[in-house]
Amino acid sequence: MPVVDVIIELSPEACLAHYEGRAGQVHTRSLDGRRVIFPAEALRRVVTRDGVHGVFRLHFSAEGRFQTIERLR
C-alpha cells in the first residue's frame, strides 16, 4: 500500500468548510514536494477544536484511492 507523508495546517474555520461539505477535497504537499489530494472527510478522524496541524501519513490503495490517515507528529 503506497503511503505519503504530508504537512497539514488548517484553521478551525477551514475544517468547518470541509466538514459542512463546502470543500470536498484537501489539497496539500508531501514532505518530498508532490501535490497530494485526498477526500476532506478523512479530516474527521484527526480534527481538533484548534483545526488540523501536524505531519500525517496518508495510506492509499494500489489503485491510488485514499484509505486511511494517521498522525505522525
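A brief structural summary. All of these numbers come straight from a predicted model, not from anything done at the bench.

So, the overall build of the protein
Within the protein, the regular secondary structure consists of 1 helix and 5 strands. For 73 residues, the compact-globule estimate of 2.2 N^0.38 gives 11 Å, and the C-alpha radius of gyration of the protein, at 12 Å, lies within 12% of that figure. For the protein, buried positions account for 38% of its 73 residues. Look at the contacts in the protein between residues 6 or more apart in sequence, and 50% of them connect residues 24 or more apart. Surface accessibility of the protein: about 4,900 Å² in total, with carbon and sulfur atoms responsible for 49%. If you average the places of the 11 positive and of the 9 negative side-chain charges in the protein, the two averages end up 2 Å apart.

Topic: the nonpolar core
Ile8, Phe38, Leu43, Val52, Leu58 and Ile69 are the most contacted members of the largest nonpolar core, which has 18 residues in total. If we skip the residues at most four places from it in the chain, Leu43 touches Ile8, Leu10, His18, Val26, Phe38 and Val52.

Things to note about the side chain of Ser30
Here Ser30 shows up in the loop between strand E2 (25-29) and strand E3 (35-39). A polar contact is formed between the side chain of Ser30 and the side chain of Asp32, at a distance of 2.3 Å. What Ser30 contacts, discounting residues up to four positions off in sequence, is Val4, Asp5, Val6 and Val36.

A word on the environment of Ser11
Looking at the element boundaries, Ser11 is found in the loop between strand E1 (3-10) and helix H1 (12-19). Ser11 sits in the partly exposed class, given a relative accessible area of 30%. From its side chain, Ser11 meets the backbone nitrogen of Ala14 in a polar contact 3.1 Å long.

Quick look at the packing of aromatic side chains
Taken as a whole and judged by the stated rule, the model has 2 aromatic pairs. Seen from their ring centres, Phe38 and Phe66 are 5.9 Å apart, and the 25° between their planes marks the pair as stacked. You can see Phe38 sitting in strand E3 and its partner Phe66 sitting in strand E5 (residues 66-71), a full 28 residues away along the chain. Residue class for Phe38 comes out buried when judged on its relative accessible area of 1%. One aromatic cluster is present, formed by Phe38, Phe60 and Phe66 through successive ring pairs.

Each value, and the rule that gives it
- Numbering of residues starts from 1 in each chain and follows the order in which that chain's sequence is written.
- For a predicted model such as this one, the threshold for reporting local features is a pLDDT of at least 70, and the threshold for listing and counting side-chain atom pairs is 80 or more; totals across whole chains, interfaces and linings nevertheless cover every residue.
- Just so you know, side-chain values use all the structure's heavy atoms and leave hydrogens and water out.
- Elements are defined by DSSP. Helices are runs of H or I of four residues or more, strands are runs of E of two residues or more, and each kind is numbered from the N terminus.
- Within these notes, the globule rule equals 2.2 Å times the number of residues to the 0.38 power, and the radius of gyration is based on C-alpha atoms.
- Throughout, exposure labels follow a simple rule: accessible area from a 1.4 Å probe, protein chains only, divided by the maximum for the residue type, with under 20% read as buried, over 50% as exposed, and the rest as partly exposed.
- When checking whether two residues touch, look at their non-hydrogen atoms; a contact exists if any pair is within 4.5 Å.
- Here the open area of atoms and residues is found with the Shrake-Rupley method and a 1.4 Å probe, where only the protein chains shown may cover a residue.
- The positive count covers Lys and Arg only, the negative count covers Asp and Glu only, and His and the chain ends enter neither.
- The atom standing in for a charge is NZ when the residue is Lys, CZ when it is Arg, CG when it is Asp and CD when it is Glu.
- Each nonpolar core is a collection of buried residues, namely Ala, Val, Leu, Ile, Met, Phe, Trp, Tyr and Cys, held together in the definition by side-chain atoms within 4.5 Å.
- The definition of a polar contact used here is a pair of N or O atoms within 3.5 Å, where within protein one atom must be able to donate a hydrogen and the other to accept one, and adjacent residues in sequence count solely through side-chain atom pairs.
- Each Phe, Tyr or Trp ring (for Trp, its six-membered ring) is paired with any other whose centre lies within 6.5 Å, and the angle between the two planes then decides the class: stacked below 30 degrees, edge-to-face above 60, tilted in between.

Spatial relationships are all this shows, so hold off on functional conclusions.
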